[in-house]
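# Fold and contact review
Now for the letters of each chain:
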Amino acid sequence: MFKKLIISLVMLAALISISATNYFFLDDEVFDARSASMGNTSLLSTRGSNALFTNPGLLIDYDNLDLKVTGRGRYHNTEDKGYYNDKEIVETDMCFGSLALSKSITTDFSKIAFGLGVNRLKNFKYETVDGYKEKGALNMLALGIGIDYKGVLDIGLAYNKSFASDTEMFASSDMADIEAEYLLFSLNVNIENITLALSYKDKYELKPEENLEEWGGVEFPAELKLGLSVDVDSRLSLYGEVMQKKMSDYKWLEGGFKPFKAYDDIYDFGFGMEYSTYYDLRLGIFRKAVDRFSDVDEEFLYQYGYTLGYGAELIDNFTLDLYFQNSFLNDDSVRDAWDGTGENFEEKTELDNLYINFGLTLGYQFDM
C-alpha cells in the first residue's frame, strides 16, 4: 500500500507541475478520470457513481455506497500566425468537475441502483485573438436510476437540472443567470466478455433566466453514443466509442439564427485500453469535431489527441485515478472582413491550438 501511495503522489505532482487549464467552445467537462485517460470513452469505461453523468445503467456496478469526486485542470495555448501577426494567448484554469453518490439494491429478479450528483456541465473561459472574451459555468444537479436484469441487460435514466449558473457573454460585463435541463437514457447489453452500449442525451435549451433576454439562449443538439468494450483476458480491456451530434438542431432561440455554417451531423471518436497488474495503466486516442463562432463557411475543424492514465487502490476501498490529455487543433481559413472604412478585405486565419488537460478522481466505497 505504501509503495502505491508514493507512486501515486509522484505521478500527481508531475501532472500538477505541467500547469493549469483552458477552454475551447462550450466543451463538456470531464466527469471521470478513468474514462478521460482512455480516449474519452465515457460510455463504458466510467465506473461507479460517475456513470450517473454518462451511462446511468452502469450505476449497478458496485453494491456498496460509492462516492467519487473529480477535479480537473487545463492549459490552452493559441498561437496566431495570420492576421494578428504572431499574437499568442495562454489560458489556464483549474476547477471542480463533479461529485457523485450511488447505492445498489439487489432483489430476487434484478439489481437496482440510485445515483445523486452535481457537476459542471459546461465551464468556459476564453479569449480570441481579437480580444473577444467569454466566461461562465453551467452547474447541474443529476438524479439517476440503473436497473440490471440477470446480468445481461442494463437500463439507465438520469434527469439533469441546472442550478446557480451564470455567465458573462458577448464581451459584456453583465452577468446572466442561465438554466437548462435534459434527460439521459442508456442501454447496455452484456454478452460474455463483450459489452455493447447506447446512450441518448436529449437536446436542451441553454437560456437566461433574467437579463440578456435579447440573446434568447441557445438550443444544443441531441447526442447519440454507441460504445463497445471487450475484456481480452483478466488483465487487458479495450474500449471504443462514437458520438453523433445533429448540428442542424444547433441554433439561437431568438429568431432561430444558426451560428455555425456546417449543418451536417458531426461524429466524435475515441479508443482506449487498460492493462491491470499491480496498478492500472491506461492509454487512448480521440478525434473531436469543433467549429468556431465565425462567418467562415467551411467544414468543421478536427481536434486530435492522445490520453494517458493511471489507477490504483491505495488502501481498502479508497481509489485514485489520474489522467493526462494532449491534443492539437490547427485552423487555416480565409474570410471576408470589414476594415471600418467601408472596404472589405480578405482576412487569413492561421491558428495553432495546443491543449493539455489533466485531473483526478478520488473514490471511496463505504461498507454498508
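### Observations regarding the overall build of the protein
A count of helices and strands for the protein gives three helices and 19 strands. Expressed as a percentage of its 368 residues, the buried residues of the protein come to 50%. Sequence-distant contacts in the protein: of pairs separated by 6 or more residues, those separated by 24 or more amount to 62%.

### Comments concerning the packing of aromatic side chains
Taken as a whole and assessed by the stated rule, the structure comprises six aromatic pairs. Between Y306 and F324 the ring centres are 6.4 Å apart and the planes differ by 50 degrees, which places this aromatic pair in the tilted class. Separated by 18 residues along the polypeptide, Y306 in strand β17 (residues 301-315) and F324 in strand β18 (residues 318-338) bring together distant segments of the chain. Given the relative accessible area of 36%, Y306 is considered partly exposed. Judged by its relative accessible area of 14%, F324 falls in the buried class. Measuring from ring centre to ring centre gives 4.9 Å for Y364 and F366, while their planes differ by 75 degrees; the resulting arrangement is edge-to-face. Its relative accessible area of 30% is what places Y364 among the partly exposed residues. Of the residues examined, F366 reaches a relative accessible area of 32% and is grouped as partly exposed. The rings of Y278, Y279 and Y310 are connected pair by pair, giving a single aromatic cluster.

### A short note on the pairing of strand β8 (residues 181-191)
Across nine bridges, the pairing between strand β5 (residues 153-162) and β8 is antiparallel. Across the sheet, K161 pairs through a bridge with E181, a residue of β8. Between β8 and strand β9 (residues 194-201), which pair antiparallel one after the other, the connecting turn spans two residues, and E192 there sits at a positive phi close to 55 degrees.

### Describing unusual backbone geometry
A positive phi angle, close to 55 degrees, is found at K150, a residue other than glycine. Relative to the helices and strands, K150 resides in the loop between β4 (133-149) and β5. The backbone of E192 shows a phi angle near 55 degrees, a positive value even though the residue is not glycine. Here E192 is to be found in the loop between β8 and β9.

### Quick notes on the layout of surface pockets
One number sums up the size of the second largest pocket: a volume of about 370 Å³. Around the second largest pocket sit 23 residues that line it, and Y62, D280, R282, T319 and D321 are the ones nearest its centre. Of all elements in the fold, only β1 (65-80), β16 (280-290), β17, β18 and β19 (344-366) reach the threshold of two or more residues within the lining of the second largest pocket.

### Quick look at the nonpolar core
Core analysis: the biggest nonpolar cluster contains 17 residues, and L44, L52, F53 and L59 have the highest contact counts within it. Grouped together as the second largest cluster of nonpolar side chains are 13 residues, M140, Y250, A289 and F300 included.

### Here we look at the pattern of salt bridges
This model, assessed by the stated rule, comprises eight salt bridges. Taking the shortest distance from any N to any O, the salt bridge between E223 and K245 comes out at 3.6 Å. Taken together, the residues span a long stretch of sequence, with E223 in strand β12 (residues 223-231) and K245 in strand β13 (residues 236-246) at a distance of 22 residues. In this structure, E223 and K245 share a single accessibility class: buried. Where K225 meets E241, a salt bridge forms, and the shortest distance between an N and an O atom there is 3.6 Å. With K225 in strand β12 and E241 in strand β13, this residue pair connects regions lying 16 residues apart in the sequence. Since its relative accessible area comes to 14%, K225 is described here as buried. Taking the relative accessible area as the measure of exposure, E241 reaches 9% and is therefore buried.

### Some words on the environment of L67
Tracing the chain through its elements places L67 in strand β1. On the accessibility criterion, L67 (24% relative accessible area) is partly exposed. Spatially, the C-alpha atom of L67 lies 7.5 Å from that of L99, the residues being 32 residues apart in sequence. In this structure, L67 is in contact with S49, L99, A100, L101, L362, G363, Y364 and F366, ignoring residues within four places of it in sequence.

### Side note on the environment of D32
Relative to the assigned elements, D32 resides in the loop between α1 (2-18) and α2 (33-36). Sequence spacing of D32 and S49 is 17 residues, and the spatial spacing of their C-alpha atoms is 9.6 Å. If we skip the residues at most four places from it in the chain, D32 touches S45, T46, R47, N50, T70 and T361. One polar contact links D32 to N50, side chain to side chain, over a distance of 3.0 Å.

### Description of the side chain of R282
Mapped onto the elements of the fold, R282 is located in strand β16. A polar contact of 2.8 Å, which involves the side chain of R282, links it to the side chain of D321.

### What to know about the confidence of the model for the protein
Averaged over every residue, the pLDDT of the protein is 76; residues scoring 70 or more account for 65%. Of all secondary-structure elements in the protein, the lowest mean pLDDT belongs to α1, at 40, while β9 reaches the highest, 96. In the model, residues 126-130 has pLDDT below 50 throughout and makes 18 contacts with residues more than four positions away in sequence or in other chains. Counting contacts from residues 169-174, a segment whose pLDDT is below 50, to residues more than four positions away or on other chains yields 14 contacts.

Criteria and cut-off values
Residues numbered from 1 in each chain as written. Predicted model: local features only at pLDDT ≥ 70, side-chain atom pairs only at ≥ 80, totals over all residues. Heavy atoms only, no water. Helix = DSSP H or I, 4+ residues; strand = E, 2+ residues; numbered from the N terminus. Buried < 20%, exposed > 50% of the residue type's maximum accessible area, 1.4 Å probe, protein only. Contact = heavy atoms within 4.5 Å. Phe/Tyr/Trp six-rings, centres within 6.5 Å; stacked < 30°, edge-to-face > 60°. Pairing = 2+ DSSP bridges. 1 Å grid on protein atoms, 1.4 Å probe; cavity = no way out; pocket = protein on both sides within 12 Å on 5 of 7 lines; lining within 4 Å. Points joined across faces, edges and corners; volume = space filled by probe spheres on them. Core = buried A, V, L, I, M, F, W, Y, C linked by side-chain atoms within 4.5 Å. Salt bridge = Lys/Arg side-chain N within 4 Å of Asp/Glu carboxyl O. Polar contact = N/O pair within 3.5 Å; in protein donor to acceptor, adjacent residues only side chain to side chain. pLDDT = per-residue confidence, 0-100.

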